[in-house]
Amino acid sequence: MTALSPHLRQATPVVAVRGEGVHLDGEDGRRYLDFTAGIGVTSTGHCHPRVVAAAQEQVATLVHGQYTTVMHPPLRRLVDKLGEVLPQNLDSLFFTNSGSEAVEAALRLARQATGRPNVLVCHGGFHGRTVAAASMTTSGTRFRSGFSPLMSGVVVTPFPTAFRYGWDEETATRFALKELDYTLQTISPPADTAAVIVEPVLGEGGYVPANRAFVQGLRERADRHGFLLILDEVQTGVGRTGRFWGHEHFGVTPDILVTAKGLASGFPLSGIAAPEELMRKARAGSQGGTYGANAVACAAACATLDVVRDEKLVENAETMGARLRRGLEAVASRNPAVGDVRGMGLMLASEFVTGDGEPDPETAARVQRAAVDEGLLLLLCGAWNQVVRMIPALVIDEAGVDEGLRAWAAAVEAGTSGAAGR
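Caption draft 1: Representation of the nonpolar core within the structure. The biggest cluster of nonpolar side chains holds 85 residues, and the ones touching the most others in it are Leu78, Ile256, Leu269, Ile272, Leu324, Phe352 and Trp408. Leu324 has contacts with Phe35, Leu346, Leu348, Met390, Val401 and Leu405, leaving out every residue within four places of it along the chain.

Okay, structure coming up:
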């Protein structure tokens, strides 16, 4: 008998048979509150009626119009709609299927446009599992080990992860920028540096937000030295952080923006945006793909953007995120096993630590499993999987947040009983 790879282990025992809004119905007949959103993908919730209707209509009209062979209307509409939410100078788009592919497209463009070989990545970043994307990923060895040699030309520089360093944010930021300058002086000279790529909030690296001083420091150095700033908004884009794009918190505009995940509410679609002048520097034949900008995915993305606008989901993410964060902080205040609560908007996490402040993946795993018993689906992240993250759909309301917090409080209590004595 054939079977799935044994390494495709599910984070929960749930077999989902139906989804609606922020809930999943399991094969066991139980309804679960989904705070995973398909790893931040179902931005408008499961099976939003408008997204479903758009996809159904498109499936009956044109499923696949390969976009380097023919043009199709959903793609033209999507380009126009993204033009309404992208920074004005990012006026040229290339679409593909996954976040990894989009990251690699951004890297390829940066190297071709600058003629420089190296890319700076921030320690703790996750950019994908394909070879080049995995080479740029430093959030955990599990994403990059066992298939060396990796791509050359990747240079790692610190991210201001204040909690891990045990510093305040200002000190961590000053250190990270100072080390970046040292890296440019000792490892990757500006003349060899094509770009720096960073997530506005580290995803797999533990839901650690960047900050204004750090991202503006990256922008200033990119401008001074002539390399590009690439912002990986695969997880932070489309309203997740309480702004449409995560970088809007920091008062900067990237040279290349990478998007995916929540863009099409669960249909595979990703892309990069850049100024047309920069995009023209890509070499002929370097951009393409069989399934990129699939007609059904583009129709779903158009409907997603309409729903995000009409239902004010960006604003909702900010408001509900603040409510969720207050509840998480209240739970943390009662339990020393939670060392830190952090994130932006509806991208929040709790880090578990031992009595001496070390990462505690065992307790995090127990809490995550206990949450399933309470009807709440969650995921782990962080270098040791010591962080439990929450990324509910942007349509969540006060009742959903409060339901999640009640389940979370019970799960933390169950998962940390006896942990303090270890």
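What follows picks up the thread again.
Caption draft 2: Structural view of the sheet that holds strand 2 (residues 23–26). The four strands lie next to each other as 1-2-3-13, forming an open sheet whose pairing is mixed. Strands with a single pairing partner mark the edges of an open sheet, and in this sheet they are strand 1 (16–20) and strand 13 (376–377).

Caption draft 3: Representation of the pattern of salt bridges within the structure. For the structure shown, the criterion picks out 23 salt bridges. Of the charged contacts in the structure, one is a salt bridge between Asp25 and Arg18, with a shortest N-O distance of 3.8 Å. Among the charged side chains, a salt-bridge network with shared partners connects Arg50, Lys81, Asp306, Arg309 and Asp310.

Caption draft 4: Summary view of the pairing of strand 8 (residues 228–232). By the criterion of burial, strand 8 is predominantly enclosed, with five of the five residues buried. Sheet analysis places strand 7 (residues 193–198) next to strand 8, joined by four bridges and oriented parallel. Bridging from a neighbouring strand, Ile197 pairs with Ile230 of strand 8. Handedness of the crossover joining strand 7 and strand 8 through helix 8 (residues 212–225) is recorded here as right-handed. Inspection of the sheet shows strand 8 paired to strand 9 (residues 256–259) by three bridges, in the parallel sense. Paired with Leu231 across the two strands is Leu257, which belongs to strand 9.

Caption draft 5: Highlighting helix 3 (residues 73–83). Every buried residue belonging to helix 3 is among Pro74, Leu75, Leu78, Lys81 and Leu82, and all of these are buried. Buried residues of helix 3, seen end-on, are gathered within an arc of 125° and therefore sit on one face of the element. Exposed and facing more than 90 degrees away from the buried side of helix 3 are Arg76 and Asp80. Of the surrounding secondary structure, the elements contacted by the buried residues of helix 3 are helix 2 (49–59), strand 4 (92–96) and helix 10 (295–310).

Definitions and limits used
- Numbers given to residues run from 1 along each chain, matching the order in which its sequence is written.
- A pLDDT threshold of at least 70 governs which residues receive local features in this predicted model, and a stricter bar of 80 or more applies before side-chain atom pairs are shown or counted, although totals over entire chains, interfaces and linings include all residues.
- Note that water and hydrogens are dropped before the side-chain values are worked out from all heavy atoms of the structure.
- Residues enter a nonpolar core if they are buried and are Ala, Val, Leu, Ile, Met, Phe, Trp, Tyr or Cys, with the set joined through side-chain atoms within 4.5 Å.
- Think of it in three bands: residues with accessible area under 20% of the maximum for their type are buried, residues over 50% are exposed, and the middle band is partly exposed, with areas taken using a 1.4 Å probe on protein chains only.
- Pairs of residues are marked as contacts when any of their non-hydrogen atoms sit within 4.5 Å.
- Here, a strand pair is defined by DSSP locating no fewer than two bridges between the strands.
- A run of H or I in DSSP becomes a helix once it reaches four residues, and a run of E becomes a strand once it reaches two; helices and strands are each numbered from the N terminus.
- Whenever Lys or Arg places a side-chain nitrogen within 4 Å of a carboxyl oxygen from Asp or Glu, that contact is recorded as a salt bridge.
- Crossover handedness is defined here as right-handed if the route from the first strand over the helix to the second strand goes clockwise, with the strands pointing away from the viewer.
- The directions considered for the arc run from the helix axis to the C-beta atoms.

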